[in-house]
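Chain residues, written in single-letter form:
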Amino acid sequence: MSGKLLVLEGTDASGKSTQFARLCQTLDEQNITYRRLVFPRYQEESSALIRMYLNGQFGSHPDDVNAYTASTFFAVDRYASYQTEWKDYYENGGLVLADRYTTSNAVHQASKLNGEERQAFLDWLFDFEYRIMGIPEPDQVYFLDMPTDAVQNLLEHRQGKTQDIHEKDLDYLKKCYRTASDLAERLNWRRIRCTEGRIIRTIDDIANELAAAVFDTIS
């Protein structure tokens, strides 16, 4: 019996890492058993090409590496994780929470394409990862809807963090947000709005809504 895979997705500076940590803390407090995944796995050998790509070794702009090639870098890391870390747990009915997943390829790489080329890429991507590579398809994706304009200042003044080639390109990030918003609508992702008007909601407010949405899924 397969388990349940839940994915938290969001564009850069959406507060995704913070919200994922809060969600895991809430599940721990409720004594819910689950497996926690964070992608990419930067400390693992399987992420070597991801690190080279994001560090600009293949080009200083995201478009310097085409969507299919870049997606393969990230997919291999997920495949390695599944085969070595959580396949047995998942296939025996376990609950898995992932911070980013195939959905991140859909958001960040599809944004390099338009129209029919974008849809052809998405068809290829989901077939490649879920059927050919055989990693599980998420049961539910939660999208932290944080408009890029709301976090532009935060992106420019993050302390202690070197920006990768995605984060340095504001126009690209805006494309990613529009792509993510479109995918959320078309693929029935659970949208968690992070702003009210032009005001960013509090971390607690967002965390409470996210936790309620997850409990609704697993109950």
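Residues numbered from 1 in each chain as written. Predicted model: local features only at pLDDT ≥ 70, side-chain atom pairs only at ≥ 80, totals over all residues. Heavy atoms only, no water.

1. Here we look at the packing of helix α3 (residues 67-91) against helix α5 (residues 115-132)
Point 1. Taken N-terminus to C-terminus, the directions of α3 and α5 make an angle of 20°; their axes are 11 Å apart at the nearest point. If you check the angle between α3 and α5, you find them roughly parallel. Note that α3 runs across α5; the crossing there is right-handed. Touching Ala67, Tyr68, Ser71, Thr72, Ala75 and Arg78 of α3 are Glu117, Ala120, Phe121, Trp124, Leu125, Phe128 and Glu129, all from α5.
Point 2. Its residues placed into classes, the contact of α3 with α5 shows eight nonpolar, two polar and three charged. (Axes fitted to C-alpha atoms, helices over the stretch in contact; angles between N-to-C directions. Helix = DSSP H or I, 4+ residues; strand = E, 2+ residues; numbered from the N terminus. Parallel < 35°, antiparallel > 145°, perpendicular 65-115°, else oblique. Left-handed = near helix turned anticlockwise from the far one by under 90°. Contact = heavy atoms within 4.5 Å. Nonpolar A, V, L, I, M, F, W, Y, C, P; charged D, E, K, R; others polar.)

2. Structural notes on the nonpolar core
Nonpolar side chains in soluble globular proteins tend to be buried together.
Point 1. Within the largest apolar cluster, 29 residues are counted, with the highest numbers of intra-cluster contacts made by Leu5, Trp86, Ala98, Tyr101, Phe121 and Trp189.
Point 2. Excluding residues within four positions of it along the chain, Leu5 makes contact with Trp86, Tyr90, Val96, Ala98, Tyr101, Pro136, Glu137, Pro138, Asp139 and Gln140.
Point 3. Grouped together as the second largest cluster of nonpolar side chains are 21 residues, Phe20, Leu97, Tyr142 and Ala213 included. (Core = buried A, V, L, I, M, F, W, Y, C linked by side-chain atoms within 4.5 Å. Buried < 20%, exposed > 50% of the residue type's maximum accessible area, 1.4 Å probe, protein only.)

3. Here we look at the side chain of Asp99
Point 1. Among the structural elements, Asp99 can be located in strand β3 (residues 95-99).
Point 2. Taking relative accessible area as the criterion, Asp99 reaches 4% and is therefore assigned buried.
Point 3. A polar side-chain atom of Asp99 sits 2.6 Å from a polar atom in the side chain of Lys16.
Point 4. Leave out the neighbours within four places in its chain, and Asp99 touches Leu8, Lys16, Ser17, Phe20, Leu37, Val38 and Phe39. (Polar contact = N/O pair within 3.5 Å; in protein donor to acceptor, adjacent residues only side chain to side chain.)

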